[in-house]
Amino acid sequence: MTPDLLVPLSADGDAPPLYCVHSASGSCYTYLPLAEALDHQPVIGIEAPGYDGVEVSPASLADLADGYAQLVDVHRKGRPVCLLGWSMGGVVAWEMAARLRSMGCPVALLVLIEARLTDDEPIPASRMMRARFVAGFASSTLGDMSDRITQVLRIWADEGRTVLVSSHLL
């Protein structure tokens, strides 16, 4: 991986650098407002390889974590580091922290935002995932109708059949 994946988002400061791992989008620029809010802390975004259309993306999250940990270890110049990851980036940051610590790099802070780390939980049936998506979308789009949505989803789950939901039901 090339060092140009590290994108300075704020000026240098005297606190340990905060490395922000991109989400699934590949862009680290979602962290700009955070970088502007932090004083005396360098904030460095980590952009996905291939985001620019030139470099090829690694085959796995483990490969990403390996590559990013090596880049951060060289870039940190002997200082402890802080890691932040959002969504998929949180999973990568978690893995990076383990690799950096095994390389002797102190990780002063690890922040995960909306990251799923466990594989102990069974994956729900695709039908249930679709139902949860619809319920989440409907409630965020149409307002708080959680009671009606819950009722419709219970009918669907209990009867094991497709329920046609139209606006007159809501």
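Look up a bit, the structure's there.
Just so it is clear, the structure is predicted and the values come from calculations on it, not from any experiment. Throughout this description, residue numbers start from 1 for each chain and increase along the sequence as written. For a predicted model such as this one, the threshold for reporting local features is a pLDDT of at least 70, and the threshold for listing and counting side-chain atom pairs is 80 or more; totals across whole chains, interfaces and linings nevertheless cover every residue. Where side-chain values are given, they derive from all heavy atoms of the structure, hydrogens and water being excluded.

### Observations regarding unusual backbone geometry
Not every positive phi belongs to a glycine, and Ser-87 is a case in point at roughly 60 degrees. With respect to the element layout, Ser-87 can be found in the loop between β4 (81-86) and α3 (88-102). Between buried and exposed lies partly exposed: a residue is buried under 20% and exposed over 50% of the maximum accessible area for its type, with that area taken using a 1.4 Å probe on protein chains only. Note on Ser-87: relative accessible area 30%, which makes it partly exposed. Its identity as a non-glycine residue notwithstanding, Glu-114 has a phi of 50 degrees, on the positive side. Working definition: helices are DSSP H or I runs of at least four residues, strands are E runs of at least two. Numbering for both runs from the N terminus. Residue position: Glu-114 is located in the loop between β5 (107-113) and α4 (126-142).

### Things to note about the nonpolar core
In terms of nonpolar packing, the biggest core is built from 22 residues, with Tyr-19, Ile-46, Tyr-68, Leu-83, Met-96 and Leu-100 touching the most fellow members. Counting only elements with at least two residues in this core, the list comes to β2 (18-21), β3 (43-46), α2 (61-75), β4 and α3. Ranked by the residues each element gives to this core, the list is headed by α2, at six residues. Sequence-distant contacts of Met-96, defined by excluding residues within four places in its chain, comprise Val-21, Ile-46, Ala-65, Tyr-68, Ala-69, Val-72 and Leu-83. Among buried residues, those of type Ala, Val, Leu, Ile, Met, Phe, Trp, Tyr and Cys that are joined through side-chain atoms within 4.5 Å constitute a nonpolar core. Membership of the second largest hydrophobic core comes to ten residues, among which are Leu-9, Cys-20, Tyr-31 and Cys-82. Here, two residues are considered to be in contact whenever any of their heavy atoms come within 4.5 Å of each other.

### Here we look at the sheet that holds β4
In short, DSSP must find at least two bridges between two strands for them to pair. Taken in spatial order, the five strands make up an open sheet running β1-β3-β2-β4-β5, and their pairing is mixed. Two strands in the sheet have a free side with no partner beyond their single neighbour: β1 (6-8) and β5. Direction aside, the axes of adjacent strands within the sheet are offset by 20 degrees on average. Sheet analysis places β2 next to β3, joined by four bridges and oriented parallel. Counted as the bridge partner of Leu-18 is Val-43 from β3. Sitting on the sheet, α3 touches β2, β3, β4 and β5, and the angle it makes with β4 is about 155 degrees. Axis definition: a line fitted to C-alpha atoms, over the contacting stretch in the case of helices. Angles run 0 to 180 degrees between N-to-C directions.

### A closer look at the packing of α2 against α3
Interhelical geometry of α2 versus α3 gives an angle of 55 degrees and a closest axis separation of 8 Å. In terms of orientation, α2 and α3 fall into the oblique class. Note that α2 runs across α3; the crossing there is right-handed. Residues Leu-61, Ala-62, Leu-64, Ala-65, Asp-66, Tyr-68, Ala-69, Val-72 and Asp-73 of α2 form the contact with α3, whose participating residues are Met-88, Val-91, Val-92, Glu-95, Met-96, Arg-99 and Leu-100. Of the residues contributing to the contact of α2 with α3, the split by class is twelve nonpolar, no polar and four charged. By definition in this entry, angles of less than 35 degrees are roughly parallel, angles greater than 145 are roughly antiparallel, angles of 65 to 115 are roughly perpendicular, and the rest are oblique. The hand of a helix crossing depends on one turn: near helix anticlockwise from the far one by less than a right angle means left-handed, and clockwise means right-handed. Each residue is assigned to one class: nonpolar for Ala, Val, Leu, Ile, Met, Phe, Trp, Tyr, Cys and Pro, charged for Asp, Glu, Lys and Arg, and polar for all the others, Gly among them.

### Quick look at α3
A rise of 1.5 Å per residue sets the reference length of α3, with its 15 residues, at 21 Å; its end C-alpha atoms lie 22 Å apart and thus fit the reference within 8%. Among the residues of α3, Gly-89, Gly-90, Val-91, Val-92, Ala-93, Met-96, Ala-97, Arg-99 and Leu-100 are the ones counted as buried. Tucked inside the fold, the buried residues of α3 contact β2, β3, α2, β4 and β5. The first or second residue beyond α3 is Gly-104, which carries a positive phi of 90 degrees. Any helix carries an expected span of 1.5 Å times its number of residues minus one.

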